[in-house]
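Understanding the architecture of this molecule
Spelled out, the chains give:
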Amino acid sequence: EAGVTQFPSHSVIEKGQTVTLRCDPISGHDNLYWYRRVMGKEIKFLLHFVKESKQDESGMPNNRFLAERTGGTYSTLKVQPAELEDSGVYFCASSQDLRVHEAFFGQGTRLTVV
Amino acid sequence: QKEVEQDPGPLSVPEGAIVSLNCTYSNSAFQYFMWYRQYSRKGPELLMYTYSSGNKEDGRFTAQVDKSSKYISLFIRDSQPSDSATYLCATHSGGYQKVTFGTGTKLQVIP
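Residues numbered from 1 in each chain as written. Chains lettered and ligands numbered in written order. Predicted model: local features only at pLDDT ≥ 70, side-chain atom pairs only at ≥ 80, totals over all residues. Heavy atoms only, no water.

1. A few points about the sheet that holds strand E8 (residues 75–79) of chain A
Residue and element names in this part refer to chain A. Strand order across the open sheet formed by four strands is E1-E3-E8-E7, with antiparallel pairing between neighbours. Two strands bound the open sheet, and with one partner strand each, they are strand E1 (5–7) and strand E7 (65–68). The sheet shows a mean angle of 15° between the axes of neighbouring strands, taken without regard to direction. Summarising the sheet, E1 and strand E3 (residues 19–24) pair through three bridges and their orientation is antiparallel. Note on E3: the bridge partner recorded for Gln 6 is Cys 23. (Pairing = 2+ DSSP bridges. Helix = DSSP H or I, 4+ residues; strand = E, 2+ residues; numbered from the N terminus. Axes fitted to C-alpha atoms, helices over the stretch in contact; angles between N-to-C directions.)

This is the structure in structure tokens:
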């Protein structure tokens, strides 16, 4: 069974550009989560999808971040325009039901904004 | 004050040693307590979780939760070089509540 996969693994973009991160959850997992870790800090929650609906987006830093999950399958996280402080590692995780304590994580996308 | 506090280390131990990793938390509503292992350039991998207080054992790993003192621990027996990684504690209060992570402790097991 394939795990959670994220694309790209690494992205370097200039300030002001747009970047789109993609997450493919484990098949059948209705719950999908986005997290971010900036250097030296803890992993922080960004948002939670249940199927295609945003259950909780309280962790999204500002309106430059847009997450979508069309059809309840894969999800994208777009940053537009990117700022220097958006640099970090973005993780996606998925779980069956609400068992977030058993969620599986992807390998992460390392975003560097220069 | 952070909701979950974790000493970042690094912690360096000889092979075969018993390792103790710890976190404290401040929110009494937390019910689930998780430990993740993260190798360099990889995503967090769930080792085990505990619901409420008590102990849970899985092979060489034992997780403990003391809700009275808001203290969570992970013990690794007979540590191996392959255990060298960053260990993250995390908590949540169930349902739709978000997961809160500690900063992680970097462990190195020296052969």
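2. Considering the pattern of salt bridges
Residue and element names in this part refer to chain A. Summed over the entire model, instances satisfying the criterion amount to ten salt bridges over all chains. Linking Asp 86 and Arg 64 is a salt bridge whose minimum nitrogen-to-oxygen distance equals 2.6 Å. One end of the pair, Asp 86, is in the loop between E8 and strand E9 (88–95); the other, Arg 64, is in the loop between strand E6 (53–56) and E7, and 22 residues separate them in sequence. Among the residues examined, Asp 86 registers a relative accessible area of 1% and is labelled buried. In this structure, Arg 99 engages Glu 102 in a salt bridge whose closest nitrogen and oxygen atoms are separated by 3.6 Å. (Salt bridge = Lys/Arg side-chain N within 4 Å of Asp/Glu carboxyl O. Buried < 20%, exposed > 50% of the residue type's maximum accessible area, 1.4 Å probe, protein only.)

3. Here we look at the pairing of strand E5 (residues 44–50) of chain A
Residues and elements named next belong to chain A. Burial of E5 is extensive: five of the seven residues sit out of reach of the surface. Here strand E4 (residues 31–37) folds back onto E5 in antiparallel fashion, the turn holding six residues, of which Gly 40 has a positive phi close to 80°. In the sheet, E5 pairs with E6 via three bridges, with the strands oriented antiparallel. Its bridge partner lying in E6, His 48 is registered against Asp 56.

4. Thoughts on the packing of aromatic side chains
Counted under the stated rule, the structure contains 13 aromatic pairs over all chains. Both rings, one in Tyr35(A) and one in Phe45(A), keep their centres 6.1 Å apart while their planes meet at 75°; by these two values the pair is edge-to-face. A residue pair is termed long-range when its members are at least 10 positions apart, and Tyr35(A) in strand E4 and Phe45(A) in strand E5 qualify at ten residues. What makes Tyr35(A) buried here is its relative accessible area of 1%. By relative accessible area, Phe45(A) is classed as buried at 7%. One cation-aromatic arrangement involves Arg22(A) over Tyr74(A); the distance from NZ or CZ to the ring centre is 3.8 Å. The ring of Tyr49(B) has Lys56(B) lying over it, and the distance from NZ or CZ to the ring centre is 4.4 Å. (Phe/Tyr/Trp six-rings, centres within 6.5 Å; stacked < 30°, edge-to-face > 60°. Lys NZ or Arg CZ within 6 Å of the ring centre and 35° of its normal.)

5. What to know about the interface of chain B and chain A
Contact residues are listed per partner, giving 20 residues for chain B and 19 residues for chain A. Both faces combined, the contact of chain B with chain A buries some 1800 Å², and carbon together with sulfur accounts for 60% of it. Taken together, the links from chain B to chain A amount to one salt bridge. The shortest N-O distance in the salt bridge between Glu42(A) and Lys2(B) comes to 3.6 Å. Where chain B touches chain A, the interface holds two residue pairs in polar contact (both at pLDDT 80 or more). Elements with a minimum of two residues in the side of chain B that touches chain A: strand E4 (32–38), strand E5 (45–51) and strand E9 (85–92) of chain B. Counting residues per element, the side of chain B that touches chain A draws most heavily on E4(B), which supplies four residues. (Contact = heavy atoms within 4.5 Å. Buried area = accessible area lost by both parts, 1.4 Å probe. Polar contact = N/O pair within 3.5 Å; in protein donor to acceptor, adjacent residues only side chain to side chain.)

6. Thoughts on the state of the cysteines
Counted according to the given criterion, the structure contains two disulfides over all chains. With its sulfur 1.8 Å from that of its partner, Cys23(A) forms a disulfide with Cys92(A). Its S-S torsion of approximately -65° makes the covalent link between Cys23(A) and Cys92(A) left-handed. Here the residue Cys23(A) occupies a position in strand E3, and Cys92(A) occupies one in strand E9, the gap between them amounting to 69 residues. According to the relative accessible area criterion, Cys92(A) is buried, its value standing at 0%. Here Cys23(B) is linked by a disulfide to Cys89(B), with a sulfur-sulfur distance of 2.0 Å. Every disulfide takes its handedness from the sign of the S-S torsion; for Cys23(B) and Cys89(B) that torsion is -105°, giving left-handed. One end of the pair, Cys23(B), is in strand E3 (residues 19–25); the other, Cys89(B), is in strand E9, with 66 residues separating them in the sequence. Like Cys23(B), the residue Cys89(B) is buried in the burial classification. (Disulfide = S-S within 2.5 Å.)

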